[in-house]
Amino acid sequence: MGEATVKTLDSRTATPSPIVDDEAASEGARPTADVRRAPRSPRRPRIWFEILLIAVSYWTYSLIRNAVPEQRTQALRNADWIWEAEQTLGIAVEESVNRAVNSVTWLIVSMNYYYATLHFVVTIGVLVWLYRGQPGRYAAARLVLFATTGVALVGYYLYPLAPPRLMNGQHFIDTVLVHETWGSMASGNFKNMSNQYAAMPSMHIGWSLWSGMIICALATAPWAKILGALYPTLTLVVIVATANHFWLDAVGGMICLAFGYGVSYAWYRALPHRLPRLVPEDPNRLQRFRRQLPTRV
């Protein structure tokens, strides 16, 4: 009797447990670390939501930026420090560039209008291009832009900075006032609509570099890639020639853009240009759609 019991126990232990097998199979089916870090699948953007989101975001950005205390004294003190730092580094050529370009009327007038318009036109144009032709990369690229702009607001609050044209004791030329052009929301008739002491970081550089990098990474035509590379470079010359920014303001814009890319990468686990061009179909949505189809008799 004892022998039979032992055999029964032996046979029971020798028989593979279906529960154990299932657990082992599930262990084998678990994704590896590389699979778990696969890029997040983006959702298909909706036009009405995107328009509303961009409008509300820009309104909020303008509201917060202009609500930051101007702190004129501190902003001028910071501008003096930036100017001295650039002189120490041997890159304080903004005044020379400003005065040289101002001597060519057609060129500086063109730059004034460039500063006032392309900042918005090109950025919106790239967003529309991504939405229509690269929907799978749109949300990640948009997140880069939004995070870049958001962290810039922190810079405006913590480090008020006067642009070169408002410095005391220097010989910078406010090209908008001299040539009576609409080249800056912080000059002329529009100076009361914008915080004049929010020059660090430069979002003209942050946004133009974002646009240029997106175009260079995703455009197929060689001429488009060339324009994408030239756009932030020309923008850098424009912000200096019009005395709206220092060189180091541009560095601040680049740092903000790097932060924006970091946020987007942390969320999507891939850079925008590494994501699929088109939005993959949602299998659950497709299955629900098939269930709603009439059953064949």
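For every chain, the first residue of the written sequence is number 1, and numbering continues from 1 onward in sequence order. Predicted model: local features are reported for residues with pLDDT of at least 70 only, side-chain atom pairs are reported and counted for 80 or more only, and whole-chain, interface and lining totals are derived from all residues. No hydrogens and no water enter the side-chain calculation; it runs on all heavy atoms of the structure.

**Focus on the overall build of the protein chain**
The helix and strand tally for the protein chain stands at 13 helices and 0 strands. By the criteria applied, helices consist of DSSP H or I runs no shorter than four residues and strands consist of E runs no shorter than two, each listed in order from the N terminus. When its helices and strands are written in sequence order, the protein chain yields α-α-α-α-α-α-α-α-α-α-α-α-α. Exposure categories follow from relative accessible area, calculated using a 1.4 Å probe and restricted to protein chains: below 20% of the type maximum is buried, above 50% is exposed, and the middle band is partly exposed. Across the 297 residues of the protein chain, 39% fall into the buried class.

**Re the side chain of Asn-244**
Residue position: Asn-244 is located in the loop between helix H11 (222–241) and helix H12 (247–268). Using a relative accessible area of 5% as the deciding quantity, one classes Asn-244 as buried. Throughout this description, a polar contact denotes any pair of N or O atoms lying within 3.5 Å of each other; where both atoms belong to protein, one of them has to be capable of donating a hydrogen while the other can accept it, and for residues adjacent in sequence the pair is counted only when both atoms sit in side chains. There is a polar contact of 3.0 Å between the side chain of Asn-244 and the side chain of Arg-165. At 2.8 Å, the side chain of Asn-244 forms a polar contact with the side chain of Thr-242.

**Describing H12**
Compared with an ideal rise of 1.5 Å per residue, which puts 22 residues at 32 Å, H12 spans 32 Å between its outermost C-alpha atoms and is within 8% of the ideal. Along H12, the positions that sit buried rather than exposed are Asp-249, Ala-250, Gly-252, Gly-253, Cys-256, Leu-257, Gly-260, Tyr-261, Ser-264 and Tyr-268. What makes two residues a contact is simply this: any of their non-hydrogen atoms within 4.5 Å. Taken together, the buried residues of H12 touch helix H8 (135–158), helix H10 (203–218) and H11. Just beyond H12, the residue with positive phi is Arg-269, at close to 60°. How far a helix is expected to stretch is found by multiplying one less than its residue total by 1.5 Å.

**Considerations on the packing of H10 against H12**
In helix packing, the relevant descriptors are the interaxial angle and the interaxial distance, both defined with respect to the helix axes. It is at 7 Å that the axes of H10 and H12 come closest, and there the two elements cross at 50°. With respect to each other, H10 and H12 are oriented oblique. Along this stretch, H10 crosses H12, giving a crossing that reads as right-handed. Contacts between H10 and H12 involve Met-203, Ile-205, Gly-206, Leu-209, Trp-210, Met-213 and Ile-214 on the former and, on the latter, Ala-250, Gly-253, Met-254, Cys-256, Leu-257 and Tyr-261. Residues are grouped as follows: Ala, Val, Leu, Ile, Met, Phe, Trp, Tyr, Cys and Pro are nonpolar; Asp, Glu, Lys and Arg are charged; every other residue, Gly included, is polar. Here the residues of the contact of H10 with H12 are counted per class, giving 11 nonpolar, 2 polar and no charged. All axes are obtained by fitting lines to C-alpha atoms, using only the stretch in contact for helices, and the reported angles, taken between N-to-C directions, cover 0 to 180 degrees. Relative orientations are named as follows: roughly parallel for angles under 35 degrees, roughly antiparallel for angles over 145 degrees, roughly perpendicular for angles from 65 to 115 degrees, and oblique for any other angle. Working rule for handedness: look at the near helix, and if it is turned counterclockwise from the far one by less than a right angle, call the crossing left-handed; if clockwise, right-handed.

**Structural notes on the nonpolar core**
As a rule of thumb, nonpolar side chains are buried together in soluble globular proteins. The term nonpolar core refers to a set of buried residues drawn from Ala, Val, Leu, Ile, Met, Phe, Trp, Tyr and Cys, joined through side-chain atoms within 4.5 Å. Formed by 23 residues in total, the largest nonpolar core has its most connected members in Val-126, Leu-130, Tyr-156, Met-203, Trp-210, Ile-214 and Tyr-261. Per-element tally for this core: the top contributor is H8, with 7 residues.

**Brief notes about a nonpolar patch on the surface**
A surface patch of nonpolar side chains, about 610 Å² in accessible area, is lined by Ile-47, Trp-48, Phe-49, Ile-51, Leu-52 and Val-56. Mapped onto the fold, Ile-51 is located in helix H4 (residues 47–67). Note that patches include only residues with greater than 30% relative accessible area and no salt bridge, and the join distances are 9 Å for like charges and 5 Å for nonpolar side chains (Val, Leu, Ile, Met, Phe, Trp, Tyr). Computed with a 1.4 Å probe, the accessible areas rest on the Shrake-Rupley method; for each residue, only the protein chains presented here act as cover. In what follows, salt bridge is the name for a side-chain nitrogen of Lys or Arg lying within 4 Å of a carboxyl oxygen of Asp or Glu.

**Describing the packing of aromatic side chains**
For this analysis, a ring pair means two rings from Phe, Tyr or Trp (six-membered ring only for Trp) whose centres lie within 6.5 Å, classed as stacked if their planes differ by under 30 degrees, edge-to-face if by over 60, and tilted for the remaining angles. If you walk through the whole model with that rule in mind, you get 5 aromatic pairs. Here Trp-83 and Phe-246 contribute two aromatic rings whose centre-to-centre distance is 6.2 Å and whose plane-to-plane angle is 40°, an arrangement assigned as tilted. Separated by 163 residues along the polypeptide, Trp-83 in helix H5 (residues 72–89) and Phe-246 in the loop between H11 and H12 bring together distant segments of the chain. Look at Trp-83 and you get buried, because its relative accessible area is 6%. Measuring from centroid to centroid gives 5.6 Å for Tyr-131 and Tyr-138, while their planes differ by 80°, and the two rings are edge-to-face. Residue classification places Tyr-138 among the buried residues on the basis of a relative accessible area of 2%.

**Remarks on the environment of Ser-57**
In this structure, Ser-57 sits in helix H4. The spatial distance from the C-alpha of Ser-57 to the C-alpha of Phe-146 is 8.1 Å, given a sequence separation of 89 residues.

**Observations regarding the confidence of the model for the protein chain**
The predicted model of the protein chain has a mean per-residue pLDDT of 80, with 72% of residues at 70 or higher. Scored between 0 and 100, pLDDT is the confidence that the predictor attaches to each residue. The model gives residues 1–36 a pLDDT under 50, and that stretch makes 3 contacts with residues more than four places away or in other chains.

**With respect to H8**
The terminal C-alpha atoms of H8 lie 36 Å apart, and with 24 residues this matches the ideal 34 Å at 1.5 Å per residue to within 8%. Among the 24 residues of H8, 17 are classified as buried, and the element is accordingly described as predominantly covered.

**A closer look at the side chain of Asn-102**
Structurally, Asn-102 can be placed in helix H6 (residues 94–102). In terms of polar contacts, Asn-102 uses its side chain to reach the side chain of His-179, at 2.8 Å. If near-sequence neighbours (up to four positions away) are discounted, Asn-102 is found in contact with Ile-108, Ile-173, Thr-175, Val-178 and His-179.

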